[in-house]
Amino acid sequence: MTFPVVGVIGGGQLARMMAPEAVELGIELRVLAEGPEVSAVAAVKTTPVGDYRDLDALREFARDVDVLTFDHEHVPTEHLRALIAEGVNVQPGPDALVHAQDKLVMRTAVDRLGLPNPEWASVGSVEDLLDFGSRIGWPVVLKTPRGGYDGKGVRIVDGPEDAAACADWFASMSPLLAEAKVNFTRELSVLVARTPGGEERVWPVAHTIQVDGVCDEVIVPAPSLDPAVAQAAEAAALRIAAELGVTGVMAAELFETPGQGEGFLINELAMRPHNTGHWTQDGSVTSQFEQHLRAVLDLPLGATGVLGGVAVMRNFLGGANQDIYSAMPAALAAVPGAKVHNYGKSVRPGRKIGHVNVVSQNAADAELLREQAGRVASILRDGATS
Ligand code: ADP
């Protein structure tokens, strides 16, 4: 046997962070990049530029790889079906991936599996939206089933008087997904991995904090989480992955809802390494990036325990500081135990530039770690003088 080649479609930070793990395993990684300067290009040797919406570009890229996987979920289903018909090994396959691409398909599947959804409906018009709101009560959350990310494609409709203003969305995409606005205590995430052979592993449930729809901070294990809820959430994510035929890493984003559903409701699914799993790089026996490679290659999966008592991840987005490296001395000196992960991207306001991980042996240190990770992230974002 020779070491295989894994081809990743998309050259963002997720593909970039697979690179060191591929090196360690001795696996060759190649990336189909959106352009010559995307995040993964500096970390991966072979990075042809091509459009993931162009079947011929995908075909050309797939020709010399042993398995094809993803940095994002935007590759058209029909292209993936065509590649599979031509013998390409695509992981995860299109029948699983569609549940991460289309929130209406995902809600339907969660109902079918008898797992806890918020109240939801497929709505084709302002009238349908008004019917849904009058049936379940306002406010309502309106979502584009496809193409949304980081809170784009999510709109709160406070009452019937605001429904008419949604006509622009119905004009550009229909049907849309309407959901009850969930009164959650916090957001949680469960990360699992599954191989084509059916082996599964789950990491401990994380508490995730979103700011303006973007993941900002993650604390693992979720502090003070009811053990029964944690167990049910892990079981739900494992079952979703098995029943939908997911391969690679999958994240299930949840709302914690004491007294409703199973103590949680499912928000959405992602089928790739996920921002809420970045803590695993420094906080788990096996990082999500290594696990994704193992899973798509149908290798045995690694252990998923937390290294220590608690781990915290803090993102830093583009802010006042244009020159991240100028702030590195102060950031690294501030907390010697912190691990900084830069994505090699130019700074633009609100763009994900990197993240900071900190881990402690003592589970009681969660608040200390949050302070430390926040301090390092803000030095990098705002500059050394902040
Ligand atoms: P995206 O695909 O952009 O990540 P999400 O469906 O995860 O979109 O929504 C983004 C954020 O909006 C969620 O993290 C949550 O904070 C909020 N949100 C989404 N759906 C609901 C809902 N039904 N009730 C309350 N808040 C919601």
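Our subject is the structure listed above.
In what follows, the accompanying structure is described. (Residues numbered from 1 in each chain as written. Predicted model: local features only at pLDDT ≥ 70, side-chain atom pairs only at ≥ 80, totals over all residues. Heavy atoms only, no water.)

Turning our attention to the pattern of salt bridges. Oppositely charged side chains can pair when the atoms bearing their charge come close. Counting across every chain of the model gives 21 salt bridges. Linking Arg-63 and Glu-60 is a salt bridge whose minimum nitrogen-to-oxygen distance equals 3.3 Å. Take Arg-63: its relative accessible area is 57%, and that puts it in the exposed class. For Glu-60, a relative accessible area of 48% corresponds to the partly exposed category. Between Lys-103 and Glu-268 there is a salt bridge whose closest N-O contact spans 3.7 Å. Within this pair, whereas Lys-103 is found in helix 5 (residues 103-112), its partner Glu-268 is found in strand 13 (residues 264-270), the two being separated by 165 residues in sequence. With relative accessibility at 11%, the residue Lys-103 sits in the buried group. Taken together, the shared-partner salt bridges in this structure form one network comprising Asp-56, Arg-59 and Glu-86. (Salt bridge = Lys/Arg side-chain N within 4 Å of Asp/Glu carboxyl O. Buried < 20%, exposed > 50% of the residue type's maximum accessible area, 1.4 Å probe, protein only. Helix = DSSP H or I, 4+ residues; strand = E, 2+ residues; numbered from the N terminus.)

By nearness alone, 19 residues border the ligand, and Lys-103, Lys-143, Gly-151, Glu-187 and Glu-268 come closest of all. Measuring from a nitrogen atom of the ligand, one finds a side-chain N or O atom of Glu-179 at 2.9 Å. Between the ligand and Asn-267 there is a distance of 3.0 Å, counted from an oxygen atom to a side-chain nitrogen or oxygen. Of all elements in the fold, only strand 5 (140-143), strand 7 (176-180) and strand 13 reach the threshold of two or more residues within the shell around the ligand. Partitioned by chemical class, the residues of the shell around the ligand number seven nonpolar, four polar and eight charged. (Near = heavy atom within 4 Å. Polar contact = N/O pair within 3.5 Å; in protein donor to acceptor, adjacent residues only side chain to side chain. Nonpolar A, V, L, I, M, F, W, Y, C, P; charged D, E, K, R; others polar.)

Below, the discussion takes up the nonpolar core. With 49 residues, the main nonpolar core has Ile-9, Leu-68, Met-250 and Met-271 as its most contacted residues. With nine residues, the single largest contributor to this core is helix 9 (residues 227-244). One finds Ala-331, Ile-353, Ile-379 and Leu-380 within the second-largest nonpolar core, a separate group that totals 21 residues. (Core = buried A, V, L, I, M, F, W, Y, C linked by side-chain atoms within 4.5 Å.)

Moving on: the sheet that holds strand 4 (residues 120-123). Spatially, the four strands line up as an open sheet ordered 4-7-5-6, and their pairing is antiparallel. The open sheet is flanked by strand 4 and strand 6 (154-157), the only strands paired with a single partner. Between one strand axis and the next, the sheet turns through 25 degrees on average, direction left out of account. With four bridges connecting them, strand 5 and strand 6 associate as antiparallel partners. Across the sheet, residue Val-140 finds its bridge partner in strand 6, namely Val-157. (Pairing = 2+ DSSP bridges. Axes fitted to C-alpha atoms, helices over the stretch in contact; angles between N-to-C directions.)

Along helix 12 (residues 324-334), the residues that are buried comprise Ile-324, Ala-327, Met-328 and Ala-331. For helix 12, the angular spread of buried residues about the axis comes to 135 degrees, placing them on one side. Seen from the buried face of helix 12, the exposed residues on the opposite side, beyond 90 degrees, are Pro-329 and Ala-333. Looking at the packing, one finds that the buried side of helix 12 touches strand 15 (339-342), strand 16 (352-360) and helix 13 (366-382). (Arc of directions from axis to C-beta. Contact = heavy atoms within 4.5 Å.)

Checked against the element boundaries, Val-38 lands in the loop between strand 2 (28-32) and helix 2 (55-62). Taking the C-alpha atoms as reference points, Val-38 and Gly-344, separated by 306 residues in sequence, lie 8.5 Å from one another. Beyond its immediate chain neighbours, meaning those up to four positions away, Val-38 contacts Gly-11 and Ala-33.

As for its position among the elements, Ala-364 is in the loop between strand 16 and helix 13. With 172 residues separating them along the chain, Ala-364 and Val-192 place their C-alpha atoms 25 Å apart.

Our next topic: the packing of aromatic side chains. Under the defined criterion, the tally for this structure stands at one aromatic pair. When the ring centre of Tyr-52 is taken as origin, the NZ or CZ atom of Arg-53, which lies over that ring, is 5.4 Å away. Just above the ring of Trp-169 sits the side chain of Arg-155; from NZ or CZ to the centre is 4.8 Å. (Phe/Tyr/Trp six-rings, centres within 6.5 Å; stacked < 30°, edge-to-face > 60°. Lys NZ or Arg CZ within 6 Å of the ring centre and 35° of its normal.)

So, about the packing of helix 12 against helix 13. Any two packed helices are characterised by how steeply their axes cross, that is the angle between the axes, and by the distance between the axes. Taken N-terminus to C-terminus, the directions of helix 12 and helix 13 make an angle of 160 degrees; their axes are 8 Å apart at the nearest point. Judged by the angle between their axes, helix 12 and helix 13 are roughly antiparallel. Read as a crossing pair, helix 12 and helix 13 show a hand that is right-handed. Of the residues in helix 13, those in contact with Ile-324, Ala-327, Met-328, Ala-330, Ala-331 and Ala-334 of helix 12 are Arg-375, Val-376, Ile-379 and Leu-380. (Parallel < 35°, antiparallel > 145°, perpendicular 65-115°, else oblique. Left-handed = near helix turned anticlockwise from the far one by under 90°.)

Residue position: Arg-16 is located in helix 1 (residues 13-25). An unpaired buried charge is present at Arg-16: no salt bridge exists, and Asp-71, the closest side chain of opposite charge, is 10 Å distant. Residues within four places of Arg-16 in sequence aside, it is in contact with Ser-39, Ala-40, Ala-42, Ala-43, Asn-342, Tyr-343 and Gly-344. (Lys, Arg positive; Asp, Glu negative; His and termini not counted.)

Strand 16 sits mainly inside the fold: eight of its nine residues count as buried. As paired strands, strand 14 (residues 310-317) and strand 16 are joined by eight bridges and run antiparallel to one another. Note that in strand 16 the partner of Ala-311 across the bridge is Val-359. In this sheet, strand 16 lies alongside strand 15 in antiparallel orientation, the contact comprising four bridges. Bridge pairing in strand 16 links His-341 to His-355.

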